[in-house]
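# Overview (structure and organization)
Take a look at the letters that make up each chain.
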Amino acid sequence: ETGVTQTPRHLVMGMTNKKSLKCEQHLGHNAMYWYKQSAKKPLELMFVYNFKEQTENNSVPSRFSPECPNSSHLFLHLHTLQPEDSALYLCASSQDNRGGTDTQYFGPGTRLTVL
Amino acid sequence: GDSVTQMEGPVTLSEEAFLTINCTYTATGYPSLFWYVQYPGEGLQLLLKATKADDKGSNKGFEATYRKETTSFHLEKGSVQVSDSAVYFCALTLPSSNTGKLIFGQGTTLQVKP
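My aim in this report is to walk through the structure given alongside it, one point at a time.

Conventions adopted
- Position labels on residues start from 1 in each chain and follow its written sequence.
- Here every chain gets a letter starting at A, and every ligand a number starting at 1, in the order they are written.
- Whole-chain, interface and lining totals are the exception, using all residues; otherwise, since this is a predicted model, local features are given only for residues with pLDDT of at least 70 and side-chain atom pairs are given and counted only at 80 or more.
- Just so you know, side-chain values use all the structure's heavy atoms and leave hydrogens and water out.
- Salt bridges are identified by distance alone: a Lys or Arg side-chain nitrogen within 4 Å of an Asp or Glu carboxyl oxygen.
- Elements are defined by DSSP. Helices are runs of H or I of four residues or more, strands are runs of E of two residues or more, and each kind is numbered from the N terminus.
- Relative accessible area decides the class of each residue, using a 1.4 Å probe on protein chains only: under 20% of the type maximum gives buried, over 50% gives exposed, and in between gives partly exposed.
- Our working definition of a disulfide is a cysteine sulfur pair at a distance within 2.5 Å.
- By the convention used here, residues are in contact when the closest approach between their heavy atoms is within 4.5 Å.

### Topic: the pattern of salt bridges
Summed over all chains, the structure comprises 6 salt bridges over all chains. One salt bridge in this structure joins A:Glu56 and B:Lys101, with 3.8 Å as the shortest N-O distance. Of this pair, A:Glu56 sits in strand β6 (residues 53–57) while B:Lys101 sits in the loop between β10 (86–93) and β11 (103–104), placing the two residues on different chains. On the basis of relative accessible area, A:Glu56 is assigned to the buried category, the value being 16%. With a relative accessible area of 26%, B:Lys101 lands in the partly exposed category. Close ionic contact of B:Lys77 with B:Asp84 constitutes a salt bridge, the shortest N to O distance being 2.8 Å. The class for B:Asp84 is buried, based on a relative accessible area of 6%.

Here it is in structure tokens:
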């Protein structure tokens, strides 16, 4: 595997379910990100991790819970979601997230549908 | 606050036509500017970037010049192909950021017809 991979690619869940999204980067990067892409809205940053430490939580509801066990893996745990949480969830990584010049590399995303 | 504004889409062009997608930004300080492209069913890929005023980013025939005086980073290509059909996102990060947060425009859909 190369680059940034995400599983599953598609997920349908009910509002009472608990599920997790997984992201893995094979680039040796130190920073990882979760973004949400909703229809007709700009991409929104959700969380940032740098060297496994969370450095940003962009006012995300607690029904989304991130986990970063090491610099290569990032999870997004989902519980008690709402239909408006249906979106494409994108993971990204970069070598370093200080200074703002580093390129972020994106995975293909998980298309989430909440019924 | 810091923001990016892109021209409304969709943009529909014939093959070999000239492409311009406008992007302007509002930011404190001197941001780095990016164009990302998203092909159907895929994640975002970096197309090009510029990190300081008057820099020109280029890749795959696409170009954009960082214009501080007009706070713009317009994307251009001289001759588009059907394979360029995708959604294009303009984005910025701030040098003061300690998180590398990308701020995106709303995206512009490009459709190129044979």
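Picking up after the structure, the text goes on.
### A look at the state of the cysteines
Residue and element names in this part refer to chain A. For the structure shown, the criterion picks out 2 disulfides over all chains. What pairs with Cys23 in a disulfide is Cys91, and their sulfur atoms sit 1.9 Å apart. On the S-S bond that ties Cys23 to Cys91, the torsion sits near -70°, and the link is left-handed. Placement of the pair is Cys23 in strand β3 (residues 18–25) and Cys91 in strand β9 (residues 87–94), with a sequence separation of 68 residues. Given a relative accessible area of 0%, Cys91 falls into the buried group.

### Thoughts on the environment of B:Ala53
Residues and elements named next belong to chain B. Note that Ala53 resides in the loop between β6 (44–50) and β7 (56–59). By relative accessible area, Ala53 is classed as partly exposed at 34%. Ala53 sits 50 residues away from Ile103 along the chain, and the two C-alpha atoms are 18 Å apart. For Ala53, the residues in contact, after removing those within four places along its chain, are Tyr66 and Lys68.

### Some thoughts on unusual backbone geometry
Backbone torsion omega between A:Thr7 and A:Pro8 reads -10°, so that peptide bond is classified as cis. Locating A:Pro8 in the fold gives a position in the loop between β1 (4–7) and β2 (10–13). Residue B:Pro10 is bonded to the preceding B:Gly9 through a cis peptide linkage, with omega at -5°. As for its position among the elements, B:Pro10 is in the loop between β1 (3–6) and β2 (11–14). One non-glycine residue with positive phi stands out, namely B:Glu16, at about 75°.

Without other data, these values stay purely geometric and don't point to any function.
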